[in-house]
Amino acid sequence: MADTVREIERKYEADNDTQLPDLAGIGPVAAVAEAGTEDLDALYYDTTGLSLAADGITLRRRTGGRDAGWHLKLPVAPGVRDEVRAPLSDVPPPELTALVRSRALDQELVPVVRLRTRRTVRVLRDAAGTPLAEVAEDAVRAWPAAGAVGAGESGAGRAGARWREIEVELLGEGDTGLLDEIGRALAAAGVRPASAASKLARALTETGQGHAGAAAPHTAGPDGRRADGSGKAAAKAKSRAKSKGKGKAAAKGKGKAAGAGKKGQTAGDVVLRYAHEQVRAIIELEPAVRRDLPDAVHQMRVATRRLRSAFRSYTKVLDRAATRPIGVELKWLAAELGVERDREVLTGRLQEALAGVPDTLRLGPVDARLRIWSERRRAGARDQLLAVLDGPRHLSLLKTLHAFLEEPPLRKAAGRPAPEVVAGAVLKDYRRLARRTEAALAAPAGRERDEALHGARKAAKRTRYAAEAARPALGRPAKKFAKRTKRVQQLLGDHQDSVVARATLRELATQAQQAGEGGFTFGLLYGREEALAADRERALPDLWRKVSRRKHRAALRP
């Protein structure tokens, strides 16, 4: 069973003759206690192309010290990582390799670097003796491991790279302000912030393997990870723009989009950046979904929907023949993610509704009935989702997404100035939304209108996503357009949630009656949901009149 520890730390480096200052008296630190010296021997694993290192992830097998075992470190924020631990074994444990599958795919994880560290530990305590932080002074030696690219022989018989590193890690519920104060004291003594984000990153550079990771297409995050499309894609788009003579078109749109992004952006630049962000979200959120972290399923599902929506909206930029099959797989994945997410949202909605029912109207064990219904579905949904993430179909989708980033299927319009292309895509999606909304308003009440409103909701979401993607090119008008469209989406979403809730309340009432409990309370909630849906239907015409004003669309045109 894997355990997780959150690390909040700062890393530094120093010359061998640099003396560390006495940290007693820094902030709340009253005493510095020696905690001994450890000899650590760690073997780091990665793919031959260093896919994990490219994303700031480390997987190691370490012996010696207080926490010998397998350690997988996943970046959370600058200076913050989650360390997932598993007991020692001869090969990387499945519970950890599963968490890097979205990066490693089906590539074998092999040793790439060996580190031997002599660690001297000091604990900083406050006046009450409570540990506040730990300072580790490390003398590090690194070699390419057997199996690494260009490793030759392993650590034995090789001089290896050497350096001195200092780590300061918060303990317990410590305040990061203490890390700032310690950092200033270390800087005054000649200690420098570490030149690399981790020991592995420095070791790869020092042992001549860093170039393999530098070429990885999926570098991302606060330490310089890219948020746009691949270099090849950007170059192609810009080359096409030059051949078309983009100066005239760019001048036409200048000044219209207040707050717009860089001048000279091509449609390919803008759309690929958005698509890249969604692919990265899918890849990066998968470990969080596997770990059952809060909101991870929802965020991963949103990313799949946004990417699929971009494929459908920006057909002039991305070849639909290539993206359509990817879209089919994204729809499948979103549906699998939705089983658990929809249960979670629906359960929360019904629990909140039950909480608002007076005791005199709560007839029967309604809370227990809802809890049983929810837990039965949760257990099955969780197991099914993990099976999906472990399955061949999801692996194939991940490979396809990685390949898409490397060689996006760009069309000619990708090289045109961004404003004219992306504005056209947003307005086309808006026209689709308008047709569906007007059809829904004209539909007879009941199931036909419910289905029409649900279709309008999906069109509103697609239009909103298209406008969000266009914001770097169109600026504030796109931001406002997305915000207005979101209001329509939310209203229609409330309506659709009510439709789904009513179906579930009917199911719960039927189960309660069959068990001899009575379904009165569930019927009461059904009536309230019915009234809520009617309220949303009455509110739609006025909202739509405001959102559909011609001036909002005119502001998008370059």
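Note: the structure precedes this text.
Quick look at the structure, then. Quick caveat: nothing in here was measured; it's all calculated off a predicted structure.

1. Description of the packing of aromatic side chains
Piece 1. Under the counting rule described, the total for this entry stands at four aromatic pairs.
Piece 2. Both rings, one in Y430 and one in F481, keep their centres 6.0 Å apart while their planes meet at 70 degrees; by these two values the pair is edge-to-face. With Y430 in helix α14 (residues 418-442) and F481 in helix α16 (residues 476-514), the pair connects residues that are 51 residues apart, well separated along the chain.
Piece 3. Aromatic rings pair up to connect Y430, F481 and W544 into one cluster.

2. Quick look at unusual backbone geometry
Piece 1. If you check the backbone angles, D292 has positive phi at about 60 degrees while not being a glycine.
Piece 2. Looking at the element boundaries, D292 is found in the loop between α9 (267-290) and α10 (296-313).
Piece 3. Owing to a relative accessible area of 37%, D292 belongs among the partly exposed residues under this scheme.
Piece 4. The backbone of D295 shows a phi angle near 70 degrees, a positive value even though the residue is not glycine.
Piece 5. D295 gets classed as partly exposed once you look at its relative accessible area, which sits at 37%.

3. Things to note about the pattern of salt bridges
Two side chains carrying opposite charge are able to pair once their charged atoms lie near each other.
Piece 1. Considering all chains together, one arrives at 60 salt bridges under this definition.
Piece 2. Ionic pairing is found between K399 and D106, a salt bridge with its closest N-O pair at 2.6 Å. Residue K399 is located in helix α13 (residues 392-406), and its partner D106 is located in the loop between α3 (101-104) and β6 (110-125); the two are separated by 293 residues in the primary sequence.
Piece 3. We classify K399 as partly exposed; its relative accessible area is 36%.
Piece 4. Note that R290 is salt-bridged to D390, the shortest N-O span being 2.7 Å. With R290 in helix α9 and D390 in helix α12 (residues 366-390), this pair connects stretches of sequence that are 100 residues apart.
Piece 5. Judged by relative accessible area, R290 falls into the buried class, the value being 11%.

Criteria and thresholds
- Starting from 1, residues in each chain are numbered consecutively following that chain's sequence as written.
- Totals for whole chains, interfaces and linings use all residues, but because this is a predicted model, local features are given only for residues with pLDDT of at least 70 and pairs of side-chain atoms are given and counted only at 80 or more.
- No hydrogens and no water enter the side-chain calculation; it runs on all heavy atoms of the structure.
- Aromatic rings from Phe, Tyr and Trp, taking only the six-membered ring of Trp, are treated as a pair when their centres fall within 6.5 Å; an angle between ring planes under 30 degrees marks them as stacked, one over 60 as edge-to-face, and anything in between as tilted.
- Put simply, DSSP H or I for four residues or longer makes a helix, DSSP E for two residues or longer makes a strand, and each gets a number counted from the N terminus.
- Remark: exposure states derive from per-residue accessible area (1.4 Å probe, protein chains only) relative to the maximum for the residue type, with buried under 20%, exposed over 50%, and partly exposed in between.
- Basic side-chain nitrogens of Lys or Arg form a salt bridge, by our definition, when they fall within 4 Å of a carboxyl oxygen of Asp or Glu.

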